[in-house]
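These are the residues of each chain, in order.
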Amino acid sequence: VHPLVTLLQREKSLILEKEGSFLGYEDGIRTRLSLSDDRPKISLWGILKSMIGKDMTKMTLPVSFNECTSLLQRVAEDMEYVDLLDSAATFEDSALRLVYVAAFAASEYASTIDRIAKPFNPLLGETYEYARPDRNYRFFVEQVSHHPPIGAAIAESPKWDYFGESAVKSKFYGRSFDIKPLGTWYLNLRPDHGIKEELYTWKKVTSSVVGIITGSPTVDNYGEMKIVNHTTKDSVVLNFKPRGWRSNSAYEVKGEVVDGKGVVRYTIGGHWNSVLYGKHAGSGKEKFVIWRANPRPKDMAFNLTTFAASLNAPQKKLLDWLPQTDTRLRPDQRAMEEGRYDDASVEKNKVEEKQRAARRKREAANQEYKPKWFTLGTHPVTGEQYWVFNNKYWYNRAHHNLKDVPNIF
Ligand code: CLR
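None of the values given here were measured: they were computed from a predicted structure.

A. Spotlight on the pairing of strand E16 (residues 275–280). The pairing of strand E15 (residues 264–271) with E16 spans six bridges and is classified as antiparallel. Considered in E16, the bridge of Gly269 is made with Tyr277. Connecting the antiparallel pair E15 and E16 is a turn made up of three residues. Direction of pairing for E16 relative to strand E17 (residues 288–292): antiparallel, over a ladder of four bridges. Looking at the pairing, Leu276 lines up with Trp291 of E17.

B. Highlighting the layout of surface pockets. Of the pockets and cavities examined, the largest pocket occupies roughly 570 Å³. Lining the largest pocket are 19 residues, and of these Arg39, Lys41, Ile42, Ile116 and Pro217 lie nearest its centre. Looking at side-chain class alone, the lining of the largest pocket contains 10 nonpolar, four polar and five charged residues.

C. Layout of the site of the ligand. Among the 15 residues in the neighbourhood of the ligand, the closest are listed as Met56, Glu108, Arg115, Ala117 and Lys204. In the environment of the ligand, an oxygen atom lies 2.6 Å from a nitrogen or oxygen atom belonging to the side chain of Glu108. Taking Lys204, its side chain carries an N or O atom lying 3.1 Å from an oxygen atom of the ligand. Here the ligand has 610 Å² of accessible area as a free molecule, and 96% of this is covered by the chains. The residue inventory of the shell around the ligand, partitioned by class, reads 10 nonpolar, one polar and four charged.

D. Just the nonpolar core, in detail. Core analysis: the largest hydrophobic core is formed by 70 residues, its most contacted members being Val101, Phe139, Trp160, Trp202, Ile227 and Leu238. Here the element with the most residues in this core is helix H5 (residues 94–107); it accounts for 11 residues. In contact with Phe139, other than residues within four places in its own chain, are Leu72, Val75, Ala76, Met79, Tyr128, Glu129, Tyr130, Ala153, Ile154, Ala155 and Trp394. Counting residues in each nonpolar core, the second largest holds 23 residues, with Tyr186, Trp387, Tyr393 and Val405 among its members.

E. Layout of the packing of aromatic side chains. Considering all chains together, one arrives at 24 aromatic pairs under this definition. Judged by centre distance (5.2 Å) and plane angle (85°), the ring pair of Phe104 and Tyr162 falls under edge-to-face. Remark: Tyr162 occurs in strand E6 (residues 160–166) and Phe104 occurs in helix H5; sequence separation between them is 58 residues. For the pair formed by Phe104 and Tyr162, the shared burial category is buried. Among the aromatic residues, ring-to-ring pairing joins Phe140, Trp373, Phe374, Phe389, Tyr393 and Trp394 into one connected group. Over the face of the ring belonging to Tyr277 we find Lys287, whose NZ or CZ atom lies 4.2 Å from the ring centre. The ring of Trp373 carries the charged tip of Lys372 above its face, separated from the ring centre by 5.3 Å.

Conventions adopted
- Numbering of residues begins from 1 in every chain and follows the order in which that chain's sequence is written.
- Whole-chain, interface and lining totals are the exception, using all residues; otherwise, since this is a predicted model, local features are given only for residues with pLDDT of at least 70 and side-chain atom pairs are given and counted only at 80 or more.
- Excluding hydrogens and water, the side-chain values take into account all heavy atoms of the structure.
- Pairing between two strands requires that DSSP report at least two bridges joining them.
- By the criteria applied, helices consist of DSSP H or I runs no shorter than four residues and strands consist of E runs no shorter than two, each listed in order from the N terminus.
- Grid points spaced at 1 Å over the protein atoms alone were grouped into cavities, where a 1.4 Å probe fits but cannot get out, and pockets, open sets with protein on both sides within 12 Å along at least five of seven lines, with lining residues defined by an atom within 4 Å of a point.
- Grid points are joined across faces, edges and corners, and a volume is the space filled by probe spheres set on the points.
- Three classes are used, and their members are as follows: Ala, Val, Leu, Ile, Met, Phe, Trp, Tyr, Cys and Pro are nonpolar, Asp, Glu, Lys and Arg are charged, and the others, Gly among them, are polar.
- Each residue is tested against the molecule or strand, and it is near if at least one of its non-hydrogen atoms lies within 4 Å.
- Contacts described as polar in this section are N or O atom pairs within 3.5 Å, which, within protein, must combine one atom able to donate a hydrogen with one able to accept it, while residues neighboring in sequence count only if both atoms come from side chains.
- Accessible surface is estimated by sampling points in the Shrake-Rupley manner with a 1.4 Å probe; for residues, cover comes only from the protein chains shown.
- What makes a nonpolar core is a set of buried Ala, Val, Leu, Ile, Met, Phe, Trp, Tyr and Cys residues whose side-chain atoms join them at distances within 4.5 Å.
- For every residue, the accessible area (1.4 Å probe, protein chains only) is compared with the maximum for its type, and the residue is labelled buried under 20%, exposed over 50%, or partly exposed between those bounds.
- Any pair of residues with heavy atoms lying within 4.5 Å of one another is described as a contacting pair.
- Ring geometry is summarised as follows: Phe, Tyr and Trp rings, the Trp one being its six-membered ring, pair when their centres sit within 6.5 Å, and such pairs are stacked at plane angles under 30 degrees, edge-to-face over 60 and tilted between the two.
- Two conditions define a charge sitting above a ring: the NZ of Lys or the CZ of Arg must be within 6 Å of the ring centre, and it must be within 35 degrees of the ring normal.

Shown next, in the form of structure tokens:
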């Protein structure tokens, strides 16, 4: 963990501590599932071919197509390489900070490889928290809308806050299954040099399952990702190349970091599944490694990464602190993780029916649904609508004051 140097950093550090963010996380992290993966091997095309033109929310698939994570936890997977943000904050040169912020934005795609499975669709009001005392950050996400499905998330650490909306538009085209993220992601960075907090924004690229018809499905991520430092006007467009039909450009990503005066300062290149390099523009300098993907464990159930395996762990001490809306307490997902697939299917129907009943009740009473931990606001810099954290979750949690959340499972 990088040492704190500025007032802003120490202020945030104090908040994390004062609000007891790490209470319950004393048991350490789980790095494996006990399960060995014995899901039935079914042809994806066999079941999907009747669903061309549909989006993911309209597909009813057997639970064996699921993995034992939820979409809320998939957002939390963005946290695997947050050390890049801590590093970004240490550089005096804003262009170099952007190199590391860009690498962070690209790093989340490494975990998508070999994960051809549907994460559980979060229930309305479902929440998920994940804090790491060893890395000094906390993460929180709430499902704020069901139709369309939207998750609002915020991660906080002394040197940065990362927040945004997880919402996707998906469509099955036959050849490919495309998932297009819609929301903007925000990063407030508190650099070691200078007192100003900087704002960065970007949008995620399209994820796509290709090779469905040929029987060798794989996840590709492609498109342009423009990352802007609104404070200094530095920017970079990362170009994620589509795999191509001979896979010759698989995983390739590259971009140029341009400063506020329009001068190219660094180039970034490499592969989003393995390693990214940076190079100082113009000079004969050597390229340097910005980021390397963590090794993928062999024979992990659902092909989860080591990081992903930690997400749904029902750590004993933690259970005392969680609200009843936390994903870790969701019975269908728990069954899935323990390899009880039939139970998972039964429990999934139950919680979904409960969700429908709650909606009917709201409709009958003419009540509008209001998320508990986020409200919609207008961002002062981008002018876009975004989800503002009401800052009450961790404080209430520390005071064991999370009893009045709905019973959704
Ligand atoms: C990609 C990174 C984004 C968040 C995000 C949202 C939706 C995820 C996607 C990521 C990865 C691919 C994904 C998708 C939902 C469904 C899709 C998991 C994590 C899978 C591969 C589709 C499986 C198809 C079934 C028919 C089996 O920040």
